[in-house]
Amino acid sequence: MQKTVAFSKHATNVFFHILTQCNLTCKHCYINPAHHGKKKLDLATIAAWLAVFVKKSPSANVIFLGGEPTLHPDLPLAVNKAKDLGYQSITIDTNGYLFNDILAKVTPRMVDYFSFSLDGATRKTNDAIRGEGSYDTCINGIKKAVHKGFSTSLIYTVSKINLHELTAMEPLVKELGIDRFFIQVIGIRGRSAAVGRDRLQVSRSEWLDIIPRAAEKIARTGITVVYPKVFLRTDEPFECAGLVAENYFIFPNGRVYRCPLCEDFPLHSELFDDNRLIDTPKINEKDLFNLNVPEGCVMNKLIQPGNLVYNRDGTPQYKIACCMLKEEVSGSNSTL
Ligand code: SF4
Ligand code: SF4
């Protein structure tokens, strides 16, 4: 069954980059030290910042990210802290290297999901994007996590380099016992902005032809597959998550964004100052969210105008959806 998932207007989602350091140098990495810093937060700061967001909502979810978050030796203590504070769910996003013996230091009762990033069904394709040896390490990491009873997700960031292998993920997902599969659209920020949009981003027709069918195929293994909607017809409703949802993207230099597309710019709407969350002065991302443009997402129009196509009268042929609007295909184990 396929459905569009509107942003949750009741849950607070905290995407917490506890450090920016990473052992890999993926071609599409969105971390940008000029805007996200190079700090590793200490445990006291992580705890203080977690406490700020859980107060906003009794049903807050936290996703620990990096860099590679398992490089942080205090990640298990940060997970404990989030649990004690009452976070509804805790996810660790990882490239699969699982440093600091993390699987031995947390339990499936503490961590709801380990979310692994793999960008190819084959060693060759994945390693061309994520680096030599990363495929085997990630697969081994998934096997270990599943063996220990953890729920796992797989994140596949689609680009021109790996689009052709997306459907080939189906047997791998089944074999590994993955619980959820997330297809991501490549963000043209950080390192991918340097590589160039034309070499990485798939076209609208490629996206519409391949992604929904691939998602259905993978969902037939019985799991849930989620992918960004990306394109809207001009008569479909548009909403900006920055205005209607509670998503916070926190970086170790204290910047707090409400929109991931703004992360390559000093447009963050909030900032941690001495562990207090303060509003930043104008102009920031919130001023942009309120601009009502016929093309849909205003940030896409500003930073990725090549994604848009116009009619002769100047009206857009379609709208770009908020990057946080998702399609969800529930697994049915059907053989359709
Ligand atoms: S994309 Fe993730 S795993 Fe790859 S270099 Fe960036 S932080 Fe590391
Ligand atoms: S991606 Fe676009 S629509 Fe979504 S929060 Fe950012 S500016 Fe708003």
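In this text the structure is predicted, and so the values were computed from the model without any measurement.

Peer 1: I would appreciate a short explanation of the overall build of the chain in the present structure.
Peer 2: If you tally the helices and strands in the chain, you get 13 helices and 15 strands. Here the C-alpha atoms of the chain give a radius of gyration of 19 Å, agreeing with the 20 Å that 2.2 N^0.38 yields for 336 residues. With 336 residues in all, the chain has 41% of them scored as buried. When contacts within the chain are restricted to residue pairs at least 6 apart in sequence, those whose partners lie at least 24 apart make up 73%.

Peer 1: Explain the site of ligand 1 here, please?
Peer 2: Around ligand 1, the surrounding shell consists of Cys-22, Leu-24, Thr-25, Cys-26, Cys-29, Ile-31, Gly-66, Gly-67, Glu-68 and Asn-95. Residue composition of the shell around ligand 1, by class: five nonpolar, four polar and one charged.

Peer 1: Can you walk me through the nonpolar core in this structure?
Peer 2: Here is a general trend for soluble globular proteins: nonpolar side chains tend to be buried in one another's company. Within the largest apolar cluster, 80 residues are counted, with the highest numbers of intra-cluster contacts made by Val-62, Phe-64, Ala-215, Ile-218, Val-225 and Ile-250. Ranked by the residues each element gives to this core, the list is headed by helix 10 (residues 204–219), at five residues. When neighbours within four sequence positions are excluded, Val-62 is seen to be in contact with Val-14, Phe-16, Leu-50, Ala-82, Tyr-87 and Ile-90.

Peer 1: Help me understand the site of ligand 2, please; the structure alone is not making it clear to me.
Peer 2: Taken together, the neighbourhood of ligand 2 is formed by Cys-240, Ala-241, Gly-242, Cys-259, Leu-261, Phe-289, Cys-297, Val-298, Met-299, Cys-322, Cys-323 and Met-324. Of all the secondary structure elements, the ones that give two or more residues to the shell around ligand 2 are helix 11 (241–244) and helix 13 (298–303). For the shell around ligand 2, the per-class residue count stands at eleven nonpolar, one polar and no charged.

Peer 1: Help me understand the packing of helix 5 (residues 123–130) against helix 6 (residues 134–147) in this model?
Peer 2: Packed helices, taken two at a time, are described by the angle between their axes plus the distance between the axes. Where helix 5 meets helix 6, the closest approach of the two axes is 8 Å, and the angle between their N-to-C directions is 105°. As summarised for this structure, helix 5 and helix 6 are arranged roughly perpendicular, according to the angle between their axes. Between helix 5 and helix 6, the contacting residues are Arg-123, Asn-126, Asp-127 and Arg-130 on the first element and Ser-134, Tyr-135 and Asp-136 on the second. When the residues that make up the contact of helix 5 with helix 6 are grouped by side-chain class, the tally is one nonpolar, two polar and four charged.

Peer 1: Teacher, can you tell me more about the environment of Val-244 here?
Peer 2: Of note, Val-244 is situated in helix 11. Of the residues examined, Val-244 has 13 C-beta atoms within 10 Å and is grouped as partly exposed. Considered as a pair, Val-244 and Phe-7 are 237 residues apart in the sequence and their alpha carbons are 7.7 Å apart. Excluding anything up to four places from it in sequence, Val-244 contacts Phe-7, Lys-9 and Glu-239.

Peer 1: Looking at this model, I keep getting lost on the pairing of strand 13 (residues 276–279). Mind explaining?
Peer 2: Walk down a regular strand and you will see the side chains alternate between the two sheet faces. Relative to strand 13, strand 12 (residues 270–273) runs antiparallel, the two sharing four bridges. Counterpart to Asp-273 in the pairing with strand 13 is Arg-276. Linking two consecutive strands that pair antiparallel, namely strand 12 and strand 13, is a turn of two residues; a positive phi of about 55° is found at Asp-274 within it.

Peer 1: Would you explain helix 2 (residues 43–54) in this entry?
Peer 2: Note on helix geometry: an α-helix contains 3.6 residues per turn, so any two residues three or four positions apart are oriented the same way. An ideal rise of 1.5 Å per residue puts 16 Å on twelve residues; helix 2 measures up with 16 Å between its terminal C-alpha atoms. Restricting attention to buried positions, one finds in helix 2 the residues Ile-46, Trp-49, Leu-50 and Phe-53. Along the axis of helix 2, the buried positions cluster into a sector of 105°, meaning they face one direction only. Buried positions along helix 2 lie against strand 2 (12–17), strand 3 (60–65), helix 3 (75–85), strand 10 (246–250) and strand 12.

Peer 1: What's the story with helix 5 in this structure? I'm lost.
Peer 2: By the burial criterion, the buried members of helix 5 are Asn-126, Ile-129 and Arg-130. Burial along helix 5 is one-sided: seen end-on, the buried residues are contained in an arc of 80°. On its buried face, helix 5 sits against helix 6. Note on helix 5: the residue one or two positions beyond its end, Gly-131, has a positive phi of about 110°.

Peer 1: It is not clear to me how the pairing of strand 5 (residues 113–117) should be interpreted in this structure. Could you clarify?
Peer 2: In this sheet, strand 5 lies alongside strand 4 (residues 89–94) in parallel orientation, the contact comprising four bridges. When the sheet's bridge partners are listed, Asp-93 is paired in strand 5 with Ser-115. Bridge count for strand 5 against strand 6 (residues 152–158) is four bridges, and the pairing is parallel. By the bridge assignment, Phe-114 is partnered in strand 6 with Thr-152.

Peer 1: Help me understand the environment of Glu-270, please; the structure alone is not making it clear to me.
Peer 2: Mapped onto the elements of the fold, Glu-270 is located in strand 12. Note on Glu-270: 20 C-beta atoms within 10 Å, which makes it buried. Sequence separation between Glu-270 and Asn-284 is 14 residues; the distance between their C-alpha atoms is 8.9 Å. Those residues within four positions of Glu-270 in sequence are excluded, and the remaining contacts are Val-256, Leu-277, Ile-278, Asp-279 and Thr-280.

Peer 1: What should I look at first to understand the environment of Lys-144 in this one?
Peer 2: The residue Lys-144 is located in helix 6 in this model. Taking the C-beta count within 10 Å as the criterion, Lys-144 has 15 such neighbours and is therefore assigned partly exposed. Sequence spacing of Lys-144 and Leu-98 is 46 residues, and the spatial spacing of their C-alpha atoms is 9.9 Å.

Peer 1: Teacher, can you tell me more about unusual backbone geometry here?
Peer 2: That bond from Gly-66 to Gly-67 is cis: its omega, 15°, falls within 30 degrees of zero. Here Gly-67 shows up in the loop between strand 3 and helix 3. In this structure, the amide linkage connecting Lys-282 to the following residue, Ile-283, adopts the cis form with an omega of -5°. Backbone geometry at Asn-275 places phi at a positive 65°, although glycine is not the residue there. Its place among the elements puts Asn-275 in the loop between strand 12 and strand 13. The exposure class of Asn-275 is partly exposed, given the 13 C-beta atoms found within 10 Å.

Rules behind the numbers
- Residues numbered from 1 in each chain as written.
- Chains lettered and ligands numbered in written order.
- Predicted model: local features only at pLDDT ≥ 70, side-chain atom pairs only at ≥ 80, totals over all residues.
- Helix = DSSP H or I, 4+ residues; strand = E, 2+ residues; numbered from the N terminus.
- Rg over C-alpha atoms; globule rule 2.2 N^0.38 Å.
- Buried ≥ 20, exposed ≤ 12 C-beta atoms within 10 Å, placed from the backbone.
- Contact = placed C-beta atoms within 7 Å.
- Near = placed C-beta within 6 Å.
- Nonpolar A, V, L, I, M, F, W, Y, C, P; charged D, E, K, R; others polar.
- Core = buried A, V, L, I, M, F, W, Y, C linked by C-beta atoms within 7 Å.
- Axes fitted to C-alpha atoms, helices over the stretch in contact; angles between N-to-C directions.
- Parallel < 35°, antiparallel > 145°, perpendicular 65-115°, else oblique.
- Pairing = 2+ DSSP bridges.
- Expected span 1.5 Å × (residues − 1).
- Arc of directions from axis to C-beta.

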